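# Summary of structural features
Chain by chain, the residues run as shown.
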Amino acid sequence: MIAFSGVNKWYGDYHAIVDFTAEVAKGEVVVVCGPSGSGKSTLIRTINRLEEIQQGTIRFDGQDVHAPGLNLNQFRSHIGFVFQQFNLFPHLSVLDNLTLAPTTVLKLSATAARERAMQLLDRVGLAHKAAAHPGQLSGGQQQRVAIARALAMSPPAMLFDEPTSALDPEMVGEVLQVMKSLARDGMTMVCVTHEMGFAREVANRVWFMDAGRLVESGTPGDFFQRPKSPRAQKFLSDLRAH
Ligand code: ADP
Ligand code: MG
């Protein structure tokens, strides 16, 4: 579904992604972890071309993401991306947040979009908040709406960049629960997260990055019990100490 091949990216002189080659199969859940500044956000943002790359190729569902002439808006609208900040449209109701892109980009009828939006809100446990505005919701609820909004575009894959990092601790669980149910339903997912319980429970693979490189790629069992590199060992022991 997603394939990085020899990807390199620089910010000016800074080599942010170094010789990155890895694949995510359809239905697979990959958790990306690593120290702050290791390039996790940059990497995930190259998948829907929020960041340009200078070398290599990235394929998404067969499409060369960085090909010149790609219809960027069209392409991006089909990949679900959930950020740390919920970035809902504050002036729209929850329901309208979910129906906007499907009606404008996918040209769904208002009725069909509303019906689908209500199913998705039900799925994330927020059907009763359809008429509310984002500002009236808790952080955890807003993030669940953000996930539902991404799902409204029927994305073939979902990207998450620290979706629970801005949440109060008591709200982390409800968001992880929604992500787990997506994973169980076979969604292809790339998740940057420090929630190692989530990684253990639902990831098929863990990618450990350091200084822009993919240092380790393994099953959660391998990564957590038998990290090979000293950098991963240190990362995990720091995380546990924390
Ligand atoms: P992570 O998500 O793992 O914390 P990032 O991908 O955000 O790491 O950043 C990787 C490195 O690239 C960091 O050293 C960061 O300072 C640098 N970086 C990120 N974005 C930019 C940018 N827009 N311009 C210059 N440097 C950047
Ligand atoms: Mg980041």
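See the structure shown above.
No experiment lies behind these values; they were computed from the predicted model shown. (Residues numbered from 1 in each chain as written. Chains lettered and ligands numbered in written order. Predicted model: local features only at pLDDT ≥ 70, side-chain atom pairs only at ≥ 80, totals over all residues. Heavy atoms only, no water.)

### A closer look at the packing of helix H3 (residues 94–104) against helix H5 (residues 139–151)
Going by this rule: Axis definition: a line fit to C-alpha positions, over the contact stretch in the case of helices; interaxial angles, taken between N-to-C directions, run 0 to 180 degrees. Helical segments are the DSSP runs of H or I of at least four residues, strand segments are the runs of E of at least two, and each set is numbered from the N terminus. Throughout, the term roughly parallel applies to angles under 35 degrees, roughly antiparallel to angles over 145, roughly perpendicular to angles from 65 to 115, and oblique to all others. Each crossing gets its handedness from the near helix: less than a right angle anticlockwise from the far helix is left-handed, clockwise is right-handed. In this analysis, two residues are considered to be in contact whenever any of their non-hydrogen atoms come within 4.5 Å of each other.
H5 packs onto H3 with a crossing angle of 25° between their chain directions and a minimal axis gap of 8 Å. Classified by the interaxial angle, the pair formed by H3 and H5 is roughly parallel. H5 is crossed by H3, and the crossing has right-handed handedness. In contact with Val 94, Asn 97 and Leu 98 of H3, H5 contributes Val 145, Ala 148 and Arg 149.

### Some points on the side chain of Glu 51
Test applied: Any pair of nitrogen or oxygen atoms within 3.5 Å is treated as a polar contact; in protein, a donor-acceptor pairing is required on top of that, and neighbouring residues in sequence qualify only through side-chain atoms on both sides.
Of note, Glu 51 is situated in the loop between helix H1 (40–47) and strand E4 (55–60). Here the side chain of Glu 51 touches Tyr 11 through a polar contact of 3.4 Å, side chain to side chain. Contact partners of Glu 51, with chain neighbours within four places excluded, come to Lys 9, Tyr 11, Thr 42, Arg 45, Thr 46 and His 66.

### Here's the deal with the site of ligand 1
Test applied: Being near a molecule or strand, for a residue, comes down to having at least one heavy atom within 4 Å of it. Residue exposure ignores everything except the shown protein chains as possible cover, and the areas themselves are Shrake-Rupley values with a 1.4 Å probe.
The local shell around ligand 1 consists of Tyr 11, Tyr 14, Pro 35, Ser 36, Gly 37, Ser 38, Gly 39, Lys 40, Ser 41 and Thr 42. A distance of 3.4 Å separates a nitrogen atom of ligand 1 from a polar side-chain atom of Tyr 11. A distance of 2.5 Å separates an oxygen atom of ligand 1 from a polar atom in the side chain of Thr 42. Taken by itself ligand 1 offers 560 Å² of open surface, and the protein chains cover 58% of this. Counting residues per element, the shell around ligand 1 draws most heavily on H1, which supplies 3 residues.

### What to know about unusual backbone geometry
Our working definition: To sort residues, take the accessible area from a 1.4 Å probe on protein chains only and compare it with the maximum for the residue type: under 20% means buried, over 50% means exposed, and anything in between is partly exposed.
Even without a glycine there, the phi angle at Ser 154 is positive, about 50°. Residue Ser 154 is classed as partly exposed on the basis of its relative accessible area of 47%. For Glu 162, which is not a glycine, the phi torsion comes out positive at approximately 50°. Structurally, the position occupied by Glu 162 is in the loop between strand E7 (157–161) and helix H6 (169–184). By relative accessible area, Glu 162 is classed as buried at 16%.

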